[in-house]
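Chain and residue survey
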Amino acid sequence: MLETSARLLRVLALLQAQRDWTGADLAERLDVTTRTVRSDIDRLRRLGYRVHSTTGSAGGYRLEAGNTMPPLLLDDEEAVAVAVGLRAAASGSVAGIEETSLRALAKLEQTMPSRLRRRIDILRAATASAAAAGPTVDAGVLTGIAEAVYRHEQLRFDYRDRAGEASRRRAEPHRLVYTERRWYLLAWDVDRGDWRTFRADRIGLRTPNGPRFTPKEPPEEAVAHVLRGLGHSAWRHQAVIRLQSPVERVAGMLPPGSGLLEPAGEGECLWRTGSDSLRDLTNYITGLGLPFIVESPQSLRDHLNALAARYVAAAGDPNNLGKVVE
């Protein structure tokens with residue numbers, strides 16, 4: 001009985017690791033007959049695993065999704081990856097899954113061998129998160145949107161814009177985009193007849209969903225389209241900055257969600273970004289330590305001119321130190 005149980009675990013591990021197996025291949029890997037393989041597959045089915053089988057020379061076995069969640073077998077690297085992901089989810093931007101993630105993590109770590117727990121502890125002690133805090137999103141909202149994207153069903157929802165104004169929207173969802181700070185929905189706004197980007201934490205889903213639709217293709221890749229919108233419509237002050245440095249270098253200096261970066265001639269690039277504060281925007285741009293030119297807006301140019309006059313006055317005459325030049 002012990003030998004049979006151990007072999008069943010090996011069969012299950014093989015089925016989870018590879019999509020399709022022939023009976024002959026399984027028998028060779030397990031060093032048993034194909035008849036024994038068939039018996040083991042029947043035992044797995046009685047335990048609740050849905051194993052599809054086909055006959056003939058091209059026949060074989062495939063593990064399929066079932067009505068319940070059966071136990072999973074993970075190798076060492078997979079177990080560490082799942083544990084790290086669960087720990088991140090416990091402190092992430094999706095509301096309502098923190099406690100669930102911690103419970104799942106506790107179950108996983110309880111069954112882990114000591115060598116894997118030690119690897120996770122070392123990784124946890126040696127790393128720190130520098131992610132900016134952002135608003136949390138209800139897990140049900142994200143799964144509801146994802147389901148509508150998958151089924152090509154129109155979404156009906158209440159939405160609050162940046163100013164807090166409420167509206168009722170109908171949209172054909174295309175993609176969910178995560179920028180390490182916020183979740184966004186890229187969708188075709190049915191009533192406005194155009195592509196729109198919605199912050200997921202401002203969405204209140206209505207049920208049921210609307211009718212099914214034929215998906216449209218946005219004018220550009222989903223992430224690029226959302227980042228372009230974040231650089232303009234999401235902020236009070238929308239800016240286009242010409243950075244006098246190659247786009248490959250600048251791309252490694254900017255975090256996701258900071259705007260859209262585009263090449264603009266040899267050794268230069270355009271950065272479409274923004275902020276609700278000219279001071280914060282100036283500090284961020286100058287903090288890159290790169291030469292730049294403000295393409296727009298004029299208000300940012302005026303702010304930089306005022307700062308330049310202040311710094312020149314402060315550096316040129318000790319009596320002017322600390323005075324503000326308007």
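Residues numbered from 1 in each chain as written. Predicted model: local features only at pLDDT ≥ 70, side-chain atom pairs only at ≥ 80, totals over all residues. Heavy atoms only, no water.

An unreviewed UniProt entry lists the chain under the name YafY family protein, with Glycomyces tritici as the source organism.

**Description of the nonpolar core**
By size, the foremost hydrophobic cluster in this structure holds 18 residues, and its most contacted members are Ile145, Phe157, Leu185, Phe198 and Ile203. Elements supplying a minimum of two residues to this core: helix H7 (139–151), strand S5 (155–160) and strand S7 (183–189). No other element matches the six residues that H7 contributes to this core. Non-local contacts of Phe157, meaning those with residues more than four positions away in its chain, are made with Ser167, Arg168, Arg169, Ala171, Phe198, Ile203, Gly204, Leu205 and Arg206. (Core = buried A, V, L, I, M, F, W, Y, C linked by side-chain atoms within 4.5 Å. Buried < 20%, exposed > 50% of the residue type's maximum accessible area, 1.4 Å probe, protein only. Helix = DSSP H or I, 4+ residues; strand = E, 2+ residues; numbered from the N terminus. Contact = heavy atoms within 4.5 Å.)

**Some words on the pattern of salt bridges**
Inspection of every chain in the model, using the stated rule, returns 18 salt bridges. Across the salt bridge formed by Lys216 and Glu172, the nearest N and O atoms sit 2.9 Å from each other. Remark: Glu172 occurs in strand S6 (residues 166–178) and Lys216 occurs in the loop between strand S9 (203–206) and helix H8 (222–230); sequence separation between them is 44 residues. Since its relative accessible area comes to 32%, Lys216 is described here as partly exposed. Look at the salt bridges and you will find they share partners, linking Arg7, Asp40 and Arg43 into a network. (Salt bridge = Lys/Arg side-chain N within 4 Å of Asp/Glu carboxyl O.)

**Observations concerning the sheet that holds S5**
Sheet strands pair via backbone hydrogen bonds, and the direction of the pair is either parallel or antiparallel. Overall, antiparallel pairing links the five strands, which are arranged S8-S7-S6-S5-S9 in an open sheet. At either end of the open sheet lies a strand with only one pairing partner, and these are strand S8 (194–199) and S9. Direction aside, the axes of adjacent strands within the sheet are offset by 50° on average. Packed onto the sheet, H7 meets S5, S6, S7 and S9 and runs at close to 80° relative to S6. (Pairing = 2+ DSSP bridges. Axes fitted to C-alpha atoms, helices over the stretch in contact; angles between N-to-C directions.)

**Things to note about the environment of Gln18**
Take Gln18: it is sitting in the loop between helix H1 (2–17) and helix H2 (23–30). Separated by 45 residues in the primary sequence, Gln18 and Leu63 have C-alpha atoms spaced 8.9 Å apart.

**Details of unusual backbone geometry**
Of note, the bond from Thr207 into Pro208 is cis; its omega dihedral lies within 30 degrees of zero at -5°. The omega angle of the peptide bond from Ser296 to Pro297 is 5°, so this bond is cis rather than trans. Structurally, Pro297 is set in the loop between strand S13 (292–296) and helix H11 (298–316). With phi around 60°, Asp31 is a residue other than glycine that occupies positive phi space. Counting through the fold element by element, Asp31 comes out in the loop between H2 and helix H3 (34–46). With relative accessibility at 71%, the residue Asp31 sits in the exposed group. Even without being a glycine, His152 presents a positive backbone phi close to 55°. Along the chain, His152 turns up in the loop between H7 and S5.

**What about the side chain of Arg169?**
Mapped onto the secondary structure, Arg169 falls in strand S6. For Arg169, a relative accessible area of 9% translates into the label buried. A distance of 3.2 Å separates the side chain of Arg169 from the side chain of Ser167, its partner in a polar contact. Once residues lying within four places of it in the same chain are set aside, the contact partners of Arg169 are Leu155, Arg156, Phe157, Tyr159, Asp189, Arg192 and Phe198. (Polar contact = N/O pair within 3.5 Å; in protein donor to acceptor, adjacent residues only side chain to side chain.)

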